[in-house]
Amino acid sequence: MSDLKKIKEETLSKLRSKLDLSQINELKSDLFGKNGKITNQFKKIGSISDSEKKKYASELNIIKDELQTLINLKISEIEILEVNEKLQKEKIDVTLPERPIIRGKIHPVSQTIDEISSIFSEIGFSVEEGPDVENEYNNFTALNTPDYHPARDMHDTFYLDEKKQKLLRTHTSPVQIRTMIKGKPPFKIIAPGRTYRSDSDQTHAPMFHQVEGLHIDKDINMGHLKGCLNYFIKEFFEVDKIKMRFRPSHFPFTEPSAEVDIGYKIKDGKIVIGEGDQWLEILGCGMVHPNVLKNVNVDSDKFQGYAFGIGIDRLAMLKYGINDLRAFFECDYRWLNHFGFDPLDVPTNYRGLSR
Amino acid sequence: MKISFDWLKDHLKTASNEKKLLDQLTNIGLEVESVESLSAENELFKVAKIIKAEKHPNADRLKVCDVSIGNGDIKKVVCGAVNAKEGLITVYAPPGATIPKTQINLEVAKIRGVTSYGMLCSEYELNLSDESDGIIELSKSQYQKKIGKCYFKKTNLNCIDLSITPNRPDCLGVRGIARDLAASGFGKLKYPNEKEVKSKIKQTLSVKIAKEKNQGCYTFGSCLITNVKNTESPKWLKDKLISVGQKPISAIVDVTNYVMLDINRPLHAYDADKIEKGIIVRNSKSGEEFKALDNKTYKLENGMCVISDNQGVLGLGGIIGGIRSSTEINTKNILLESAYFEPVSIRKTSKKLNLETDAKFRFERGIDPNSIESGLNRASTLIKEICGGEISKIDVQKIKNFKNRTINFDPDLFEKVTGLKIHSKKMFQILGDLGFKYKKKKKYLELKVPSWRPDINQQIDIIEEIARINGYDQIKTISPKKERYKPTLNKIQKLFHFLQRAVATKGYFEAITWSFTDQKYNNLFKQNKKEIKIINPISSEIGVLRNSIFSNLIFYIRKNLNRDIKDLSLFEIGPIFNGSNPGEQETVVGGLRAGKISRLSWIEDDRNVDIFDVKKDIIQTLVEAGYNRSKIYIDDNTPSYYHPGKSGRIFLNKHKDKVAGYFGEIHPNILKKIEIKTEALVGFEIFVDNLKKTKKLFRDQKKNYQVSDFQKSERDFAFIIDKNFKSQELIQIISNVNPNIISNVDIFDVYEGENIPNDKKSIAVNISIQSLDKPLKDEDLEKINKLIIDTVEKETGAKIRS
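All values reported here derive from a predicted model rather than from experimental measurement.

How each quantity is defined
- One numbering rule holds for all chains: residues counted from 1, following each sequence as written.
- Labels follow written order: the first chain is A, the first ligand is 1, and so on.
- Whole-chain, interface and lining totals are the exception, using all residues; otherwise, since this is a predicted model, local features are given only for residues with pLDDT of at least 70 and side-chain atom pairs are given and counted only at 80 or more.
- Secondary structure elements are defined from DSSP: runs of H or I of at least 4 residues count as helices, runs of E of at least 2 residues count as strands, and each element is numbered from the N terminus.
- Residues with at least 20 neighbouring C-beta atoms inside 10 Å of their own are called buried, those with 12 or fewer are called exposed, and the rest are partly exposed, where every C-beta is derived from the backbone.
- The contact criterion used is a C-beta to C-beta distance within 7 Å, with each C-beta placed from the backbone.
- Throughout, the ten residues Ala, Val, Leu, Ile, Met, Phe, Trp, Tyr, Cys and Pro are labelled nonpolar, Asp, Glu, Lys and Arg are labelled charged, and all others, Gly among them, are labelled polar.
- For two strands to count as paired, DSSP must find a minimum of two bridges between them.
- Here an angle of 0 to 180 degrees is reported between the N-to-C directions of two axes, which are lines fitted to C-alpha atoms, with helices fitted over the stretch in contact.
- Core membership is restricted to buried Ala, Val, Leu, Ile, Met, Phe, Trp, Tyr and Cys residues, and these are joined into a nonpolar core through C-beta atoms within 7 Å.
- All domain edges in this entry derive from an automatic or database-based domain assignment.
- Under this scheme an angle from 65 to 115 degrees is roughly perpendicular, one under 35 degrees roughly parallel, and one over 145 degrees roughly antiparallel; angles in between are oblique.
- Handedness of a helix crossing follows the sense of rotation of the near helix relative to the far helix, less than a right angle counterclockwise being left-handed and clockwise being right-handed.

**Points about the overall build of chain B**
Then, number 1: Scanning chain B from N- to C-terminus turns up 21 helices and 42 strands.
Then, number 2: Its C-alpha atoms give chain B principal-axis dimensions of roughly 130 × 90 × 55 Å.
Then, number 3: When each of the 802 residues of chain B is scored for burial, the buried share is 40%.
Then, number 4: The contacts of chain B with a sequence gap of at least 6 include a subset with a gap of at least 24, amounting to 70%.

The structure is reproduced here in C-alpha cells:
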C-alpha cells in the first residue's frame, strides 16, 4: 500500500472514532501542519521522477481535499454537539417575572373627551377652546342671562373680584360667544373643557367638565339637533339603538330649549343604556336664541342653528360604570390604575372608540 | 312647585289617571322631580282611645297608657303629655310610622324601663298646627265610632313636585299648570264663577305709592276686612295645604297661602289696627331697620321698596312682612294687600339682604299684573266665610298702567325653526288655550300675550310654546351631514393631545386635579406670581387659583404615599393661572415621580428615582413631539422649589427665547414642610404655550436620506476639566471641530476623586468619525484627533488625560 493510501485509511478510521474538538484539531495538524503527514508528502514531490510526478501530485491533491473536507465536516459536527450540550446546562426558570414593566394611564375624563371629539369629528365638527376665567358678559349677559335674572340662580358662581365681573366659567357656553364674535358663520364646533360651580356634595364637584356644541348655518333646525344628538349618543355608548326623549325645558340662551333623557335599566346591578323604562337626564340643548345671535353680530334672519351642553364626567361615569363623581379628582393611584386607559388606546374614527 | 292631582282637578276636567298626568307634565316641560306618596304613610295613623292612664313607675312626668286601637287590640304606650287621661280620644302612631314633623321613624322602645309600642301624637307632630302642648283631643261625638280607623282621609294624596323653570311664573300656581295641560289636550280647563266683592263700605285706610325714581311698586290693591275672628282653618283647607307640604297656621294666613298656590297671586295680610294712619309705599333710606316675620332685624340700604306707615317700615314689598303689623289669632281688622312689584327691584333687594321667601321667588319671576283684584276677591271672600267680618271696597293705587304685549307672528317661522309642519288650526288651538288672543292679518298673526306670561316677548317664544305643547316627539330626526368647515384639531390642540399621551407612555398616571388649590400649597410653588383669590370659595382649602401645576399634584403624591403606595408617577396637563383676567392662563404639563425604580425586583438592582429619570422623560417627550434633540439647550437656572444643584432648565434652542421646561429634584425643604416621606421626589414641567407651534407637516419634516458608505472610526478621549464645566458644552465644542465628519459624541464616563485634582473632573468621550464623501486615511484621522484635543484644551482649559 502506498503511503498515501495508508494515511487516508488511518485518518478515516480515526474520524470514525469519537473525537472532541482538541483531538480533531490535533489530527488536523498531524496531517496539514508544518511537519504534517500530507505536508510532508507534498515536500516529496520534488524528488519524484518526472514521469510519476504528475500522477502523484494529482492523487495527493485529491486525498488532501477529501480529508480536509471530511475533517471540517467533523469539526462542525462536534461544534454543534458541544454547543447543544452547553445550552442544555444553561436552562433557567423562564417563569421568573420579567423585568419591571412601566405602564402609564390616561384619565377616563381625557379618554372620554377624545372619544367625544372623535365622534363629532366624523360629522364635521371642529374643536374650539376658551379660557377658564371668564368675564361676566361672556358667561351670562351675552348668553341672554342679564343681571338680576333668576336663571342666574341655576349657576352657583365662583367670583374673582368683588364687583363680580370676573369669574370661573360656570359652563362652556361662553366659548359659543367667543367663537361667533371672532368668526363668520357657518359655525360647527364643539368645545370641551373645565367648568366650575360653587357646589360640592356626593353628586356635585366644584369643578367638572362639559362639552359645548354649536352648529349655525342657514337652515339648521330642531330636526338636525335631534339627529346630531341621536347620532352622538348611539356612537358614544356603542349601541345600535338608543331610547331618547327630548323634553321641553328652559335655558336663557336657547329657544326652544330641551333636556334630553336616555332610557336605561339596571340589570344585575349594572346600568344598561338604551333599554328599559327608566329615564336619565344627560344633556341640555336647544335652538340658539336670536338675542344671543344679535349679541355676537350674527344676522338671525339669515342664520340659525342649535347648541348643546353635555356633562362629560357624567357620560364617563355612565359608560364606564364609575359611581362617585368626586373620585375623578381625588387621584387615588389605585383608582387611576383601575379606570385609566392605556395611552396607546387613542379613540379614532377608523379604529373605533375602543378595542 | 308642589301640587296634587286633586287640587289640579279644581281647575281641570279630566278622566285621565295620575300616571298619564305625570308623563304629560314632563312632556310639556313641567318636569316631574319627584312623587311623594303621603297616603300610604298616613294610613298608619289611627284614631285611638286611652282606656287606662297610670303614672310611670320610674318617672314623674310620664304616663303609661293602655290604648285601644279597635278590634279589641290594646297597646301599651308611654306618653309624656299632661292631657293624656282615661277616656281621651286621640291619634296613635304605631312602630314603623314616620312622624311628619320630626321625620323620626318610630320603633318599639324601652322608656325608663317600660316598653312602649308606638306613640300618641300632638297636632304639631302631625304638622297640623303649632300646638305642641299635649296630644290631640278629638271630639267624642265625632270620633267615638271611628276608633281603629285611619285618622287621615284616604284620598289620592300623592304630592307631585315639579321643577318649574324660571321663565314660567304662571306655573307657580296650580291654575297655570292646569292651563298648560288643557292646551296639550289633557282635560278641559274649568272657568269657575269668580265672586266679586260687592261692598258699600269704603276702604278707609289711605294708601299712597310715592312717585320716586326707581319705585319698585307699580300697583297696590287693598281691602279692609273688619271684625273678623281669626281661627283655625277648616279641614278642607288644612288638608289642601298639607297635601302639598305646607303647614297650616291660622285661617287668615292659610287663605293667603292658598290663593298664592292656587293662582300664583301673593297677598299679604296686615293687622289694620297696628298700622299708623296709612300706608306709604316708598324707597327705603339707608339705615332704616325693621323686624321681619322671620324674627330677624334687617338694616336697609337706600332705594329698597318698603311698605311703611307713619312710624316707619312695615315690611319689604313683595319679599317679607314685618312683625309689627302681623296678624295674630286675636286680630280683628285686617288689611289685605295685593300688589305688583317690579322683578329686578325685588331681586336686587333680596340678594343684598340674602332673603329667600315664597313671595320673593314669585315676584322676581313676574306676577300677573291683572290678578290684583281677583286675588283680593278670592281671599277676602274666603276669609269672610271662615272668620266672618265685613269686606270693604277694593282700593287700587297705580303709578303705571299695564298693557298686554302684542307680537306679530309669522306662522311660517315655526317650520323654519322646528322642521315640522303643523296645521294652522292646531296652532290657533294651542295659542288660544294658552290664553293668547289672535287676529289673522295678511302675512302674520297679531297675537296679544296674556298678562300672566312675562316670558313671551318675541316670535321665538311663540314657536317654543307651540312646539312644546304640540310635543317635541313630533319633530323628526334628521341624520347629520358629514360636511366639514375646518380640521377637527388645530396644531396647538394636536400638540396638547400628543404630549398628554407621550408623557403617559413614560409610565405616568394622568391626574386631573382642581384648577384651584390650597393657598398653603400654592405658596410653595408660586414664585413671584400674583395670587388669585376666589372671593367666595367653598372652603379655604380651595381658595386660590393655582399658579403652578405642582401644588395639587404634590398634595396627591403625599396622599398616595400615605396610602402606603411607595412608587408613584403622576402627571397632569392643564391650566395654571398668571392673573385674574380671561386669558391670563397657560397650559402646563407637570409630572412628579416618587420612590424607587425596580423595588423588590429579583433581577434588577433597585434605586431611587433621580433627576436623570425625569430628564429622560421630558427630553424624550419633547423629541417625540418633534423637537430636535441636538438643538435642545439646558442650563441650571431653575425656580427655588427645585433642588438648586440638581435641576435644569430647558430651551428648544440655544438662543434662549422662552423656557420650554424644567426638571429636577424637588427642594428637600418643601418635602419637609408638607411632611412627605419618600426616598426621592423628582419632577418636570413643560410649558406648552412656550413650545414653538410652527412644526412642519410630516411630508416636509423628512429631509433627503443620506448615509455614509465609508469606514467609520471611533476614538476615545478623556479630558481633565473644571468641575463646573458643563458636559453639554464639551460635546458642542467637539462636534463643532468638524461637523462634517464628527458624526457622534458620547460621554461614557465621568469621574471625580483619586488621581484627579479636587476642582477637576475627568470626562471620557467616544467620538465617531466618518465622512460622507471619501475614505479617511490614517493621517486624516491623526489630524482630526489632534485638532479635537487642541480645540478642547484651548477652549475649555482642559487637559487630555494620558
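There is more to say after this.
**Topic: the interface of chain A and chain B**
Then, number 1: With 70 residues of chain A in contact, the opposing surface of chain B contributes 78 residues.
Then, number 2: Looking at the side of chain A that touches chain B, the elements that each hand over two or more residues are α5 (108-122), β1 (126-127), β2 (133-135), β4 (187-196), α8 (222-237), β6 (244-251), β7 (254-267) and α11 (333-339) of chain A.
Then, number 3: In terms of residue count, α8(A) provides more of the side of chain A that touches chain B than any other element does, eight residues in total.
Then, number 4: Split by residue class, the side of chain A that touches chain B holds 35 nonpolar, 21 polar and 14 charged.

**Some words on the sheet that holds strand β42 (residues 799-800) of chain B**
Residue and element names in this part refer to chain B.
Then, number 1: Read across the sheet, four strands follow the order β40-β41-β39-β42 without closing on themselves; strand pairing throughout is antiparallel. The two strands at the open ends of the sheet, each matched to only one other strand, are β40 (742-751) and β42.
Then, number 2: As paired strands, β40 and strand β41 (residues 760-769) are joined by eight bridges and run antiparallel to one another. Each bridged residue has a counterpart across the sheet, and for V745 the counterpart in β41 is I767.
Then, number 3: In the packing of helix α20 (residues 727-737) onto the sheet, the strands contacted are β40 and β41, and the crossing angle to β40 comes to about 150°.
Then, number 4: Running at roughly 15° to strand β39 (residues 713-722), helix α21 (residues 778-796) makes contact with β39, β41 and β42 of the sheet.

**Regarding the sheet that holds strand β25 (residues 406-409) of chain B**
Residue and element names in this part refer to chain B.
Then, number 1: Read from one edge of the open sheet, three strands run β25-β27-β26, paired in antiparallel fashion. The sheet is open, and its two edges are formed by β25 and β26 (437-440), each paired on a single side. Direction aside, the axes of adjacent strands within the sheet are offset by 20° on average.
Then, number 2: Bridge analysis of β26 against strand β27 (residues 445-448) gives four bridges, and the strand direction is antiparallel. Looking at the pairing, K440 lines up with L445 of β27.

**Details of the nonpolar core**
All names here are of chain B.
Then, number 1: Counting 220 residues, the largest nonpolar core has I383 and L570 as its most contacted members.
Then, number 2: Ranked by residues supplied to this core, first place goes to helix α7 (residues 251-263) with eight residues.
Then, number 3: If we ignore the near neighbours within four places in the chain, the residues touching I383 are I225, V228, A251, I252 and V255.
Then, number 4: Counting residues in hydrophobic clusters, the runner-up holds 25 residues, among them A81, A84, Y92 and C121.

**What to know about the domain arrangement of chain B**
When the parts of a complex come together, some accessible area is lost, and that lost area is often taken as the interface size.
Then, number 1: The domains assigned to chain B are domain 1 (2-39 + 157-189), domain 2 (44-146), domain 3 (206-398), domain 4 (406-470), domain 5 (491-690) and domain 6 (710-800).
Then, number 2: Spacing between the C-alpha centres of domain 4 of chain B and domain 5 of chain B amounts to 58 Å.

**Here we look at the packing of helix α2 (residues 21-32) of chain A against helix α4 (residues 50-89) of chain A**
Residues and elements named next belong to chain A.
Then, number 1: In contact at an axis separation of 10 Å, α2 and α4 are set at 165° when each is read in the N-to-C sense. Put simply, α2 runs roughly antiparallel to α4. Considering the relative orientation of α2 and α4, their crossing is left-handed. Here L21, I24, L27, K28 and L31 of α2 lie close against α4, whose contacting residues are L67, I71, K74, I75, I78, E79 and E82.

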